[in-house]
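So you can see what is in the structure, the chains are spelled out below.
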Amino acid sequence: MNTQEEKGNKAPEKRMDVSSALRCASGQLAELLRCEPGTVSAMKATDDGWCADVEVVELERVPDTMSVMASYRVSLDADGNLIGYERLRRYARGQIDRR
């Protein structure tokens with residue numbers, strides 16, 4: 001019996017690696033929304049798991065540059081399960097950010 005078990009403490013949870021979390025965020029959101037996954041534009045570790053910004057195609061248009069894209073913030077737990085999401089913005093695929 002190790003010292004952590006003797007003290008009644010659980011062993012620290014192991015967080016999944018960033019590449020696995022990236023695939024989980026993109027795949028689970030695409031399945032939930034039934035939209036084509038685009039790219040993951042941001043990914044960061046949180047105290048509880050991972051937070052990712054995922055770009056998806058919400059509406060296909062011709063020409064392709066007029067397709068409607070959306071950016072979603074996805075929260076994953078330490079095991080890579082989707083625990084929440086929110087749409088941050090919608091934009092035309094051909095649109096360029098201006099800052």
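Model, not experiment: these values are computed from the prediction. (Residues numbered from 1 in each chain as written. Predicted model: local features only at pLDDT ≥ 70, side-chain atom pairs only at ≥ 80, totals over all residues. Heavy atoms only, no water.)

J.: Run through unusual backbone geometry, naming residues and quoting values.
T.: In this chain, valine 62 is followed by proline 63 through a cis amide linkage whose omega measures 0°. When you line up the elements, proline 63 lands in the loop between strand 2 (49–59) and strand 3 (68–77). Notably, arginine 34 is not glycine yet its phi reads approximately 55°, a positive angle. Tracing the backbone through its elements, the reader meets arginine 34 in the loop between helix 2 (18–33) and strand 1 (36–45). (Helix = DSSP H or I, 4+ residues; strand = E, 2+ residues; numbered from the N terminus.)

J.: Got a sec to walk through the environment of leucine 88? Specific residues and values, please.
T.: Following the sequence through the fold, leucine 88 ends up in strand 4 (residues 82–92). Considered as a pair, leucine 88 and valine 54 are 34 residues apart in the sequence and their alpha carbons are 9.8 Å apart. In this structure leucine 88 touches Asp53, Ser71, Tyr72 and Arg73, once residues within four positions along its chain are discounted. (Contact = heavy atoms within 4.5 Å.)

J.: Can you explain the side chain of serine 67? Please cite residues and give values.
T.: Within the secondary structure, serine 67 sits in the loop between strand 2 and strand 3. With a relative accessible area of 0%, serine 67 lands in the buried category. Separated by 3.1 Å, the side chain of serine 67 and the backbone nitrogen of arginine 61 make a polar contact. Serine 67 has contacts with Val57, Leu59, Glu60, Arg61, Tyr91, Ala92 and Arg93, leaving out every residue within four places of it along the chain. (Buried < 20%, exposed > 50% of the residue type's maximum accessible area, 1.4 Å probe, protein only. Polar contact = N/O pair within 3.5 Å; in protein donor to acceptor, adjacent residues only side chain to side chain.)

J.: Quick rundown of the pattern of salt bridges? Include the residues and the values.
T.: Taken as a whole and assessed by the stated rule, the structure comprises four salt bridges. The residue glutamate 58 makes a salt bridge to arginine 87 at a minimum N-O spacing of 3.2 Å. Taken together, the positions of glutamate 58 in strand 2 and arginine 87 in strand 4 put the pair 29 residues apart, joining distant regions of the chain. Residue arginine 87 is classed as partly exposed on the basis of its relative accessible area, which comes to 43%. Arginine 90 is paired through a salt bridge with glutamate 58; the nearest N and O atoms lie 2.8 Å apart. Taken as a pair, arginine 90 in strand 4 and glutamate 58 in strand 2 lie far apart in primary sequence, 32 residues in all. (Salt bridge = Lys/Arg side-chain N within 4 Å of Asp/Glu carboxyl O.)

J.: Help me get a handle on the packing of aromatic side chains, residues and values and all.
T.: This model, assessed by the stated rule, comprises one aromatic pair. We note arginine 89 situated over the ring of tyrosine 91; from NZ or CZ to the ring centre the distance is 4.0 Å. (Phe/Tyr/Trp six-rings, centres within 6.5 Å; stacked < 30°, edge-to-face > 60°. Lys NZ or Arg CZ within 6 Å of the ring centre and 35° of its normal.)

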